[in-house]
Amino acid sequence: MNYIGKILPVDGYMVDLHGNLPVDYSKSLTHLYLPLIGIKAVMLYQTLLHEMEFKEIAPIQTHHTIMNYLNISLVDIYEARLRLEGIGLLKTFENKTPEQTVYYYVLQSPFSPNDFFKDAMLSQLLFHHVGQDKYSMLKSHYVGHFEQPSGQNVTASFHEVFDTIIPDANAYHKVERIPENQGPHIDSIDFSWMEHMLKSRMIPYRRVLTTENKRIITQMMHLYGLAEYEVEKCVLWALTDENYLDIDEFKEACHDTFKNARKEASVQLVTRETEPAPTKRQQPITKEEQFILELERISPKQLLEDLSSGNHASEQDLKVIREIMTTQGLPSPVMNVLIHYVLLQTNMKLSKAYLETIASHWSRANLKTAKEAMEFAKREKERYRQSIEKKQNQRTYRKQSSKEVVPDWFKERKQKTTTIQTDTISEVELQEMESILNKYSSGGKNSHLQG
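Peer 1: Could you give an account of helix α3 (residues 63-70), with specific residues and numbers?
Peer 2: Taken residue by residue, α3 has His63, Thr65, Ile66 and Leu70 as its buried positions. The buried residues of α3 occupy an angular sector of 145° when the element is viewed end-on, so they sit on one face. Buried residues along α3 sit against β1 (12-18), α2 (39-51), β2 (61-62), α4 (74-87) and β4 (101-108).

Peer 1: Residue-level account of the nonpolar core, with values.
Peer 2: Formed by 66 residues in total, the largest nonpolar core has its most connected members in Tyr33, Ile37, Met194, Ile217, Val231 and Phe250. Residues within four places of isoleucine 37 in sequence aside, it is in contact with Val42, Arg83, Leu84, Ile87 and Leu89. By size, the runner-up hydrophobic cluster in this structure holds 32 residues, among which are Leu295, Val334, Met335 and Leu367.

Peer 1: Which residues make up the pairing of strand β3 (residues 90-96), and what are the values?
Peer 2: One ladder, built from 7 bridges, connects β3 with β4; its direction is antiparallel. Of the residues in β4, the one forming a bridge with lysine 96 is threonine 101.

Peer 1: So what's going on with the packing of helix α6 (residues 120-130) against helix α7 (residues 132-142)? Which residues, and what values?
Peer 2: For the pair α6 and α7, the least separation of the axes is 7 Å and the interaxial angle reads 135°. Judged by the angle between their axes, α6 and α7 are oblique. Here Ser123, Leu126, Phe127 and Val130 of α6 come into contact with α7, specifically with Gln132, Lys134, Tyr135 and Leu138. Within the contact of α6 with α7, the residues separate by chemical class into 5 nonpolar, 2 polar and 1 charged.

Peer 1: Quick one: what's the story with the environment of leucine 198, residue by residue and with numbers?
Peer 2: Structurally, the position occupied by leucine 198 is in helix α9 (residues 192-200). Once the C-alpha coordinates of leucine 198 and leucine 209 are considered, the two residues, 11 residues apart in sequence, prove to be 9.6 Å apart. Setting aside residues no more than four positions away along its own chain, leucine 198 makes contact with Ile203, Tyr205, Val208, Leu209 and Leu236.

Peer 1: Run through the packing of helix α1 (residues 25-37) against α6, naming residues and quoting values.
Peer 2: At a minimum axis distance of 9 Å, the contact between α1 and α6 shows a crossing angle of 75°. Compared by their axis directions, α1 and α6 come out roughly perpendicular. Together, His31, Leu32, Tyr33, Pro35 and Leu36 of α1 and Leu122, Leu125, Leu126, His129 and Val130 of α6 make up the contact between the two elements.

Parameters at a glance
- Residues numbered from 1 in each chain as written.
- Predicted model: local features only at pLDDT ≥ 70, side-chain atom pairs only at ≥ 80, totals over all residues.
- Heavy atoms only, no water.
- Buried < 20%, exposed > 50% of the residue type's maximum accessible area, 1.4 Å probe, protein only.
- Helix = DSSP H or I, 4+ residues; strand = E, 2+ residues; numbered from the N terminus.
- Arc of directions from axis to C-beta.
- Contact = heavy atoms within 4.5 Å.
- Core = buried A, V, L, I, M, F, W, Y, C linked by side-chain atoms within 4.5 Å.
- Pairing = 2+ DSSP bridges.
- Axes fitted to C-alpha atoms, helices over the stretch in contact; angles between N-to-C directions.
- Parallel < 35°, antiparallel > 145°, perpendicular 65-115°, else oblique.
- Nonpolar A, V, L, I, M, F, W, Y, C, P; charged D, E, K, R; others polar.

Okay, structure coming up:
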């Protein structure tokens, strides 16, 4: 991995701490964070932390200082910095001037050992890194086991004691809270698809999709690389009789789904390979390439709404799509291509029977991306066209064998008609592509392209 030139020894740095350190933060760094990010990242964190003592004397120091302290290369320091940023222990700000580049390192407070185990993603990662025996020992030592007292629970509820204008939703269901602005930063996802799924099953979605539960679902989805239909199954499996999400059951279901679907893979925290910046030749240059990129990014719900000029997708259409994705296991990008293809072939009508027929075929083909699905659809369409031409040639041969005289002008007219129909279909597809792409390049809230 090439990090040379990312930072220079003469580049300066300043250090600050956001929040307050928990009393037992060193135990968290040593026993919980160290297996995930490595010794160099932990050493860098502790070095920067203690460098704060010299803020008044030397507010700006060079990276050459850290190299001497840790006795490691600048490349190792940069990689350790990335690991701290990724795990949520560091935020970095760059300030470039003609004289010098200065980095402002803002250390983030690590979790206390008890709060570490409340973070679903970090605790699961630790489990996979150290194994079940070591994990159980650490959790037992730092969290302990709470013995449920015997007898009747007579604790007064929130609403028996307080009267508020806006009731606290968590008064009805206990949710373990962790300090905010901590832990790995994960991009949020759109939960509208899960809301529709829960409502269609008459499950109170607000009870399931609380803020805390959304955070955990998002973490597990990213940790195990699960598709939407796989997460749906895990959520339904982990619901209690009162329609609350059992977090432990949900995490276990996600782990089992990962193991069953990806027998060769393992969950480990590794540094992502950096990709070179795309050259101009690698950038999407055609409308079709831009369209494929959008189909990779948006959800099937968003595609349906874009195809219907921004109107809300109907509950019936979403139900059909959800069932097909669940039963056939199609990823969202492949489902997007399928929706667009079927709508073009059926005069913008979403035929369930037609969708199911093609979906089962595409599922057997094991398509994973929008590009694969688009190319597969083209090949199938070309095979169908060749099959039709072959049948037409056979009919023409039989007619000629019967010595039936066909005027030349009729052949020419028929040939022109066929050509016009083929061109018309292609033009319709192109216009539909243009229409959707224009919505993304028009500067709306869902815009991802710049024309």
